[in-house]
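Chain and residue survey
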Amino acid sequence: MAAEDEPSALTALVAGCLIRTYDGRCQDTLDLCEAMTPVALRHLDDRPEALGWIVAAQMLATYVKGDFPASLALIEGMEQLFAEEHDPTVQAGLLMSHALVLSEQGLLDQALRLIRQSAALHSLDNRRGYQAWCFAIMARIHAMRGELPDAATALAAARRNLWPGGQAFWSDVDVAAIWVATASGDRAEAARLFTLAADKGDALAEVLLGNMYGQGEGVKRDRDEAERLIKRGLPRVREAAAN
């Protein structure tokens with residue numbers, strides 16, 4: 001790569017990493033971040049934020065892979081990197097990411113405390129558009145704690161704060177809705193939401209919806225449909241886990 005092209009490549013890094021990660025190619029994201037780290041270090045003066053972009057991309061990729069200890073270590077590194085940062089959107093994003101990983105580890109009290117702090121900061125400044133994601137995570141945490149009215153309130157806030165043009169985090173709102181429906185015992189609504197996600201090509205949703213068809217949960221039992229969905233989604237779920 002020519003030296004004059006490096007700043008543009010760093011700018012394009014975030015989009016490239018998001019595309020790879022949400023396509024299940026998490027290891028490709030991590031490899032790209034490793035390759036671009038020396039470039040970011042060479043451009044600390046003119047692109048000081050690039051190193052943070054790389055660590056954030058690594059965190060998301062390890063989270064999607066299910067490597068939560070690695071995600072947590074990266075978040076803690078980012079907290080040190082941005083310790084002197086006064087931008088509320090940066091601090092809100094760090095709190096939100098930390099809460100998300102803690103919730104996956106079952107540390108729900110800590111996760112709820114952090115996500116509330118993040119929501120308060122997002123109410124001051126939402127120019128990065130993460131507020132909907134924040135409320136979606138909050139809805140999941142409340143649902144996991146069995147606090148269904150609070151979960152429903154947070155889910156409504158997530159939907160209300162989605163940007164009109166759509167965001168990469170629509171899927172997180174969908175996941176929160178499934179959590180709330182499942183925790184409420186509304187299997188029919190959960191099946192409806194899984195169907196919407198499966199129709200968008202979500203492999204995990206296909207497998208889970210297939211299981212619901214196999215067991216007749218929220219839908220009429222249909223073993224042929226169950227087999228079709230699971231056969232379509234399971235190879236991609238395994239591929240994503242391997243990457």
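Given the structure is predicted, the values throughout are model-derived calculations rather than measurements.

As a further point, take the nonpolar core. Nonpolar side chains in soluble globular proteins tend to be buried together. By size, the foremost hydrophobic cluster in this structure holds 57 residues, and its most contacted members are Ile 115, Ile 137, Met 138, Leu 155 and Leu 209. For this core, the element with the highest residue contribution is helix α7 (residues 131-144), accounting for 10 residues. In contact with Leu 155, other than residues within four places in its own chain, are Ala 139, Val 173, Ala 176, Ala 177 and Val 180. Listed in part, the 11 residues of the second largest apolar core include Cys 33, Ala 40, Leu 51 and Ile 54.

Before going further, it helps to examine helix α6 (residues 108-124). Relative to the 24 Å expected for 17 residues at 1.5 Å per residue, α6 spans 25 Å between its end C-alpha atoms, a close match to the ideal helical length. At its buried positions, α6 is contacted by α5 (88-104) and α7.

Position of Pro 48 relative to the elements: it lies in the loop between α2 (26-42) and α3 (50-65). Considering only alpha carbons, one finds Pro 48 and Ser 103, 55 residues apart in sequence, at a separation of 31 Å.

Bringing the side chain of Ser 103 into the picture now. On the secondary structure map, Ser 103 appears in helix α5. Side-chain polar atoms of Ser 103 contact the backbone oxygen of Leu 100, separated by 2.6 Å. Apart from residues lying up to four places away in sequence, Ser 103 is in contact with Leu 108, Ala 111, Ile 141 and Met 144.

Let's shift gears to the environment of Leu 72. Checked against the element boundaries, Leu 72 lands in helix α4 (residues 68-81). By relative accessible area, Leu 72 is classed as buried at 16%. Through-space distance from the C-alpha of Leu 72 to that of Leu 100 is 9.7 Å; in sequence the pair is 28 residues apart. The contact partners of Leu 72, leaving out residues within four places of it in the chain, are His 98, Val 101 and Gln 105.

Now for the pattern of salt bridges. Tallied over the full model, the rule gives nine salt bridges. The residue Glu 217 makes a salt bridge to Arg 187 at a minimum N-O spacing of 3.8 Å. Taken as a pair, Glu 217 in the loop between α11 (203-215) and α12 (223-242) and Arg 187 in helix α10 (residues 187-199) lie far apart in primary sequence, 30 residues in all. Assessed through its relative accessible area of 27%, Glu 217 is described here as partly exposed.

Below, the discussion takes up the side chain of His 142. Of note, His 142 is situated in helix α7. You can call His 142 buried: its relative accessible area is 3%. Within the structure, the side chain of His 142 is placed 2.6 Å from the side chain of Glu 147, a separation counted as a polar contact. Beyond its immediate sequence surroundings of up to four residues, His 142 is in contact with Leu 112, Arg 116, Glu 147, Asp 150 and Ala 151.

Quick look at the layout of surface pockets now. Empty space within the second largest pocket amounts to approximately 740 Å³. Lining the second largest pocket are 25 residues, with Gly 52, Trp 53, Ala 56, Met 78 and Tyr 130 sitting closest to its centre. Elements represented by at least two residues in the lining of the second largest pocket include exactly α1 (6-22), α3 and α5. Taken together, the residues of the lining of the second largest pocket break down into 16 nonpolar, five polar and four charged.

The end-to-end C-alpha distance of α7, which contains 14 residues, comes to 20 Å, matching closely the 20 Å that a straight helix rising 1.5 Å per residue would cover. For α7, the buried fraction is high: 13 of the 14 residues fall into the buried class. Remark: Gly 146 follows α7 within two positions and exhibits a positive phi of approximately 80°.

Rules and cut-offs
- Residues numbered from 1 in each chain as written.
- Predicted model: local features only at pLDDT ≥ 70, side-chain atom pairs only at ≥ 80, totals over all residues.
- Heavy atoms only, no water.
- Core = buried A, V, L, I, M, F, W, Y, C linked by side-chain atoms within 4.5 Å.
- Buried < 20%, exposed > 50% of the residue type's maximum accessible area, 1.4 Å probe, protein only.
- Helix = DSSP H or I, 4+ residues; strand = E, 2+ residues; numbered from the N terminus.
- Contact = heavy atoms within 4.5 Å.
- Expected span 1.5 Å × (residues − 1).
- Polar contact = N/O pair within 3.5 Å; in protein donor to acceptor, adjacent residues only side chain to side chain.
- Salt bridge = Lys/Arg side-chain N within 4 Å of Asp/Glu carboxyl O.
- 1 Å grid on protein atoms, 1.4 Å probe; cavity = no way out; pocket = protein on both sides within 12 Å on 5 of 7 lines; lining within 4 Å.
- Points joined across faces, edges and corners; volume = space filled by probe spheres on them.
- Nonpolar A, V, L, I, M, F, W, Y, C, P; charged D, E, K, R; others polar.

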